[in-house]
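# Descriptive analysis of the structure
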Amino acid sequence: MEQGSDWVAVIIEDDPDVRDLIDIVLTQSGFRTVVTENGQDGVEAVRKHNPLLTTLDVNMPGMDGFAVAKRLREFSNTYLIMITALADEIDVVQGFEAGADDYLVKPFRPRELRARADSMLRRPRTRLDTPHGWVDGDAEETPPSTAGESWAATAARDVAASAPQAPQPAPPSPQPYQPPVQQPGWQVPQPAPEPYQPPVQQPAQQPHPPAPAVAQHGGVAADPATGWMRFNDLALNHETRVVTVGGAAVDLTRTEFDLLASLMSTGRRVRSKADLVLTMRGQQYVTSYFVNEADKRSVEVHIANLRRKLGDDAGTGRYIETVRGVGYRLAEAV
């Protein structure tokens, strides 16, 4: 995308590492950025600079991101992307209800942030002298986009659109149905009736995933033919992305599922938080620039949510153990 020099982005983020990363991504995308460290300063920056795009963290001291979003929507129509480690459905819904246009969960890929910004900017907003500054291009008070079009071409297009249309010919009326005339003395041969075949009874579906056929290390057993992995009473299917505990389905987010699948695939081997961050991103090596403390804290949040949904206790650790100062691993098999 190509922005004009007056296209401004306001960044509201209290973590300096994440703030610098967002600043670099948006600057490389052609924005002139204004950086703030808390919600109150962010509101004043949006009011002063009237940005086209605003990124907003949720967990901030003082005014949190949900309150900031509601305050911004009182006077601004800026494109608003929430960037936070809160990934539960209730948090996402609350973010959109507060006025966010998009919701990005930490840790995020820099290219994904740029792609989401590009996607929103494909819906043009026109800057008008209104209290909101920027309004959607399809709003009633906004004329259709005529970028690069001369006045004469615009006038000709408007005249053509308002010209009376030639009447269209009416469709031909349907002909009444005429049954075929049967010739006397001639009968249509009828096919011989098929012999009766009793219905084939389908085997009853198993309520629980089949037992795995191949055992792996760390107490995890897997069946490559079906995609199921089992650890104690916990089962995970890579193909259908289904997780069950004691036969009951558990609803996990994409990130939670990927974390659990990664831990089950390595069994008792300890996984560092940085390693788990890179696993979720699909990267193969550690770079201190892209794996920061905010990324590691987001892993802690996802693991906590995962444990809560699995009914696991951080103290006993039936499924996931915490290795203090290092990371996480699968618990001992029962």
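Our subject is the structure listed above.
Structural notes, computed from the coordinates. Computed from a predicted structure; not experimentally measured.

## Re the environment of Gly95
On the secondary structure map, Gly95 appears in helix H4 (residues 89–98). On the basis of relative accessible area, Gly95 is assigned to the buried category, the value being 0%. Taking the C-alpha atoms as reference points, Gly95 and Gly65, 30 residues apart in sequence, are found 8.3 Å from one another. Ignoring sequence-local partners within four residues, the contact set of Gly95 consists of Phe66, Met82, Ala100 and Tyr103.

## Here's the deal with the pairing of strand E4 (residues 79–84)
Burial runs high along E4: 6 of the 6 residues are buried. Side-chain alternation along E4 places Tyr79, Ile81 and Ile83 on one buried face and Leu80, Met82 and Thr84 on a second face that is also buried. Direction of pairing for strand E3 (residues 53–56) relative to E4: parallel, over a ladder of 4 bridges. Of the residues in E4, the one forming a bridge with Leu53 is Tyr79.

## Section: helix H9 (residues 293–310)
Taking 1.5 Å per residue, 18 residues should reach 26 Å; H9 reaches 26 Å between its end C-alpha atoms and fits that length. The complete set of buried residues in H9 reads Ala294, Asp295, Ser298, Val299, His302, Ile303, Asn305, Leu306, Arg307 and Leu310. One or two steps after H9, the chain reaches Gly311, where phi turns positive at roughly 75°.

## Remarks on the sheet that holds E3
Reading across from one edge, E2-E1-E3-E4-E5 is the order of the 5 strands in this open sheet, with parallel pairing throughout. At either end of the open sheet lies a strand with only one pairing partner, and these are strand E2 (32–36) and strand E5 (102–105). Ignoring which end each strand starts from, the neighbouring axes of this sheet average 20° apart. With 4 bridges connecting them, E4 and E5 associate as parallel partners. Looking across to E5, one finds that Thr84 is bridged to Val105. Across the sheet, helix H1 (residues 16–28) is in contact with strand E1 (8–12), E2, E3 and E4; its angle to E2 comes to roughly 165°. Packing of helix H3 (residues 65–72) onto the sheet brings it into contact with E1, E3 and E4, and relative to E4 it is tilted by some 175°.

## Examining the packing of aromatic side chains
Within this structure, the stated rule accounts for 1 aromatic pair. A ring pair is formed by Phe96 and Tyr103, whose centres lie 6.5 Å apart and whose planes are at 40°; its orientation type is tilted. For Phe96, a relative accessible area of 40% corresponds to the partly exposed category. Overall, Tyr103 belongs to the buried group, its relative accessible area being 7%. A cation over an aromatic ring shows up here: Arg47 above the ring of Phe75, its NZ or CZ 4.2 Å from the ring centre.

## Thoughts on the packing of H1 against helix H5 (residues 110–121)
The contact between H1 and H5 brings their axes to 10 Å, and the two run at 50°. The angle between the axes of H1 and H5 places the two elements in the oblique class. Where H1 crosses over H5, the handedness of that crossing is right-handed. Residues Leu21, Ile22, Val25 and Gln28 of H1 lie in contact with H5, whose contacting residues are Pro110, Leu113 and Arg114. Considering only residue class, the contact of H1 with H5 consists of 5 nonpolar, 1 polar and 1 charged.

## Section: the environment of Met280
Looking at the element boundaries, Met280 is found in helix H8 (residues 273–281). Its relative accessible area of 12% is what places Met280 among the buried residues. For Met280, the contacting residues outside a window of four places in its chain are Pro107, Arg109, Thr255, Leu259 and Val299.

## Observations concerning the side chain of Lys106
Looking at the element boundaries, Lys106 is found in the loop between E5 and H5. Lys106 sits in the buried class, given a relative accessible area of 7%. In terms of polar contacts, Lys106 uses its side chain to reach the side chain of Glu13, at 3.4 Å. Beyond its immediate stretch of four places on either side in the chain, Lys106 contacts Glu13, Val18, Asp57, Ile83, Thr84, Ala85, Ser298 and His302.

Conventions we followed
Residues numbered from 1 in each chain as written. Predicted model: local features only at pLDDT ≥ 70, side-chain atom pairs only at ≥ 80, totals over all residues. Heavy atoms only, no water. Helix = DSSP H or I, 4+ residues; strand = E, 2+ residues; numbered from the N terminus. Buried < 20%, exposed > 50% of the residue type's maximum accessible area, 1.4 Å probe, protein only. Contact = heavy atoms within 4.5 Å. Pairing = 2+ DSSP bridges. Expected span 1.5 Å × (residues − 1). Axes fitted to C-alpha atoms, helices over the stretch in contact; angles between N-to-C directions. Phe/Tyr/Trp six-rings, centres within 6.5 Å; stacked < 30°, edge-to-face > 60°. Lys NZ or Arg CZ within 6 Å of the ring centre and 35° of its normal. Parallel < 35°, antiparallel > 145°, perpendicular 65-115°, else oblique. Left-handed = near helix turned anticlockwise from the far one by under 90°. Nonpolar A, V, L, I, M, F, W, Y, C, P; charged D, E, K, R; others polar. Polar contact = N/O pair within 3.5 Å; in protein donor to acceptor, adjacent residues only side chain to side chain.

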